[in-house]
Each structure stands twice: as C-alpha cells, then as structure tokens.
Amino acid sequence: MELKSLVYKGSKISLFLLAIGMLVGCAETGDFGRRRPGLFEGKQGLDGPPEWFGSRATLTDIEVEFRNRAIAFSINPEKPIYPSLDAFEFAIDSDPDLYYSRVAGRADLSVTARYKRVERDALADLTLVPLFRAAACRVAQDDAMRLSAMTATSNLSETQRLLANDRVASNAEIGRIVEHAMVERVDAYHIAVERLYAASPDREAKAALDAIALLRAEVEKGNACLNGGGSRAHGRIIRKG
C-alpha cells in the first residue's frame, strides 16, 4: 500500500476515533442508518453543562440530523456475522475485504442472496446520499450565520469564540470525510460483485451492478456546499467496469 494511502487512512481513523463520543451520542433512534443500534449507540458520554459552547446541548436540530446521517457512512453497511464492538467500526467503515467477507460469509441457500445484499446496500445509499448532502447544506448555511454573528458581537469570551470556530471546522471535516467514504463505499460494492462473480457467476449480478452504477452517478455529483469543492476533489470514482 502506498505511503500516501496509509497516511490518509491513519488520519481518517484518528478523526473518527476523536469523533466517536460526539457521533454515537446522537445515534439514539437508529432512524438514519440501515442497522440496529449497536453496543455503544444511544449511550450518552460525558458532556459539559448546557450553556457551554462545546456541549451537545448547543447542537442545532439539523446538526444532530447531520451527524446521525454521517454515521450511516461511517460504519460497514453489512452487520457482522459474529458479535462485535460497534464503536470500533468507525475506524473500519467500508473496508472492501471486510465488506466482502460479510456479504459472502453466510451459508446461504442460494448465492443470489449475496448479490441481493450488495444491491440492497447500494440502493439504500442511493437514498441516503442526497439526504446527507441536504443536511450538510443546511449546516453550512447555519455555520455561515454562526461566523457572521461572532463577527458582529464583542460579547463572547475567547473560549466561546474558539469553541464556536471548532464547531464550524468539525462540521466541515465531517462533511469531507463522509464524501470520501461515499467513494470508498461504491468501490467496496464493486469489488464485492467482482469477487462474487468470480466465485459464483449469477444473473443477479446485473441488478447489483445497475444499482452500483446509479449510486456512482449520485456520488459523482459531489456536494456543492463544501468549501472549495472538496467533495469533487475526492469524488472521482476510478472503477467504471
């Protein structure tokens, strides 16, 4: 593996581990993902008083939705075959080897069930991508107002300004990470179908590939709300076949 890839993955893992407490604290209902709540989901961690600028109580409703929707792209789309500590999956996300092992790792009565898992996951993401991006746009708009309000007032402490700026930076970084995760998700789906077909050719592969193609087209639209077109910088999908 290239050094650049290792560095990127290392930084992504660090960011998600730092964000676990914040992200899983918002995932109480499970409405925005495709899996049931895991071991740590819905468990509130330590938090500051409600008036503290870094408190979860200061998250707007759309920021909560934004973070909940981010979770769906931060864990492996297929549940583990054996019990696992779900929180650690923020560092695993759409690893293609793990995804394939979960898709193909069950003794199905028919191999078509494996292709249908990939198709189902791709179509689920096809619905979730625009919903996440819509939330990201609303968060970006609110962050612009947040920054404007900070400029217009002198009644904030340095700590309050620092925490408000950190919130804006955190929102932007979550958006960039999720956009890259979408690209990796499409790649993982395509790799899974290639491996499934090499092992067990089946007509159901076409439906899975069609679903992946639809998802690829949606992801490649990019998120126009990211500063500097960040989503497009990471939005090229190499796999076309």
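Okay, so let's go over this structure. Since this is a predicted model, take the numbers as computed values, not measurements. (Residues numbered from 1 in each chain as written. Predicted model: local features only at pLDDT ≥ 70, side-chain atom pairs only at ≥ 80, totals over all residues. Heavy atoms only, no water.)

1. Examining the overall build of the chain
Here comes step 1: Summing up its helical and strand segments, the chain has seven helices and zero strands in all.
Here comes step 2: Along its sequence from the N terminus, the chain presents helices and strands in the succession α-α-α-α-α-α-α.
Here comes step 3: Taken over 241 residues, the chain has a buried fraction of 42%.
Here comes step 4: For the chain, contacts bridging at least 24 residues in sequence account for 72% of all contacts bridging at least 6.
Here comes step 5: Taken as a whole, the chain presents about 12700 Å² of accessible surface, with 60% of it coming from carbon and sulfur. (Helix = DSSP H or I, 4+ residues; strand = E, 2+ residues; numbered from the N terminus. Buried < 20%, exposed > 50% of the residue type's maximum accessible area, 1.4 Å probe, protein only. Contact = heavy atoms within 4.5 Å. Areas by Shrake-Rupley, 256 points an atom, 1.4 Å probe, with all protein chains shown as cover.)

2. What to know about the packing of aromatic side chains
Here comes step 1: Scanning all chains against the criterion turns up three aromatic pairs.
Here comes step 2: Aromatic pair Phe-66 and Phe-132: ring centres 5.2 Å apart, planes at 20 degrees, arrangement stacked. A residue pair is termed long-range when its members are at least 10 positions apart, and Phe-66 in helix H2 (residues 61-72) and Phe-132 in helix H4 (residues 112-152) qualify at 66 residues. The residues Phe-66 and Phe-132 share a single accessibility class, namely buried. (Phe/Tyr/Trp six-rings, centres within 6.5 Å; stacked < 30°, edge-to-face > 60°.)

3. Observations concerning the nonpolar core
Here comes step 1: Formed by 34 residues in total, the largest nonpolar core has its most connected members in Phe-73, Val-118 and Phe-132.
Here comes step 2: Every element with two or more residues in this core is listed here: H2, helix H3 (96-104), H4, helix H5 (158-199) and helix H6 (204-220).
Here comes step 3: Broken down by element, the residue count for this core peaks at eleven residues, all from H5. (Core = buried A, V, L, I, M, F, W, Y, C linked by side-chain atoms within 4.5 Å.)

4. Topic: the packing of H3 against H5
Here comes step 1: Interhelical geometry of H3 versus H5 gives an angle of 50 degrees and a closest axis separation of 9 Å. The angle between H3 and H5 falls in the class oblique. Judged by the sense of rotation from one axis to the other, the crossing of H3 with H5 is right-handed. For the pair H3 and H5, contact is made by Pro-96, Asp-97, Tyr-99, Tyr-100, Val-103 and Ala-104 and by Ala-188, Tyr-189, Ile-191, Ala-192, Arg-195 and Leu-196, respectively.
Here comes step 2: Its residues placed into classes, the contact of H3 with H5 shows ten nonpolar, no polar and two charged. (Axes fitted to C-alpha atoms, helices over the stretch in contact; angles between N-to-C directions. Parallel < 35°, antiparallel > 145°, perpendicular 65-115°, else oblique. Left-handed = near helix turned anticlockwise from the far one by under 90°. Nonpolar A, V, L, I, M, F, W, Y, C, P; charged D, E, K, R; others polar.)

5. Some words on the state of the cysteines
Here comes step 1: Tallying each qualifying case throughout the model produces one disulfide.
Here comes step 2: Covalent S-S linkage joins Cys-137 and Cys-225, the inter-sulfur distance amounting to 1.7 Å. Taking the sign of the S-S torsion, about 95 degrees here, the bridge from Cys-137 to Cys-225 comes out right-handed. Here Cys-225 lies in the loop between H6 and helix H7 (230-233) and Cys-137 lies in helix H4, a separation of 88 residues in the sequence.
Here comes step 3: In this structure Cys-225 comes out as partly exposed when scored by relative accessible area, which is 26%. (Disulfide = S-S within 2.5 Å.)

6. As for the pattern of salt bridges
Here comes step 1: Scanning all chains against the criterion turns up 15 salt bridges.
Here comes step 2: The closest approach of N and O atoms between Arg-146 and Glu-63, which form a salt bridge, is 3.2 Å. Residue Arg-146 is found in helix H4, and its partner Glu-63 is found in helix H2; the two are separated by 83 residues along the sequence. Across this residue pair, the class does not change: Arg-146 and Glu-63 are buried.
Here comes step 3: Between Arg-69 and Glu-65 there is a salt bridge, with its nearest N and O atoms 2.8 Å apart. Of this pair, Arg-69 and Glu-65 are both found in helix H2, four residues apart, which corresponds to roughly one turn of the helix.
Here comes step 4: Shared partners join several salt bridges into a network, and the residues in it are Glu-63, Asp-143, Arg-146 and Arg-167. (Salt bridge = Lys/Arg side-chain N within 4 Å of Asp/Glu carboxyl O.)

7. A look at the environment of Val-183
Here comes step 1: With respect to the helices, strands and loops of the structure, Val-183 is situated in helix H5.
Here comes step 2: Considered as a pair, Val-183 and Leu-215 are 32 residues apart in the sequence and their alpha carbons are 9.6 Å apart.

8. Points about the side chain of Glu-204
Here comes step 1: Position of Glu-204 among the secondary structure elements: in helix H6.
Here comes step 2: For Glu-204, the contacting residues outside a window of four places in its chain are Thr-112, Tyr-115, Lys-116 and Glu-119.

9. Some points on H6
Here comes step 1: The end-to-end C-alpha distance of H6, which contains 17 residues, comes to 25 Å, matching closely the 24 Å that a straight helix rising 1.5 Å per residue would cover.
Here comes step 2: The first or second residue beyond H6 is Gly-222, which carries a positive phi of 75 degrees. (Expected span 1.5 Å × (residues − 1).)

10. Side note on the environment of Val-118
Here comes step 1: Turning to its location among the elements, Val-118 is positioned in helix H4.
Here comes step 2: Along the chain, Val-118 and Tyr-100 lie 18 residues apart, while their C-alpha atoms are 9.2 Å from each other.
Here comes step 3: With residues near it in sequence (within four places) discarded, Val-118 still touches Tyr-99, Val-103, Tyr-189, Ala-192, Val-193, Leu-196 and Ile-212.

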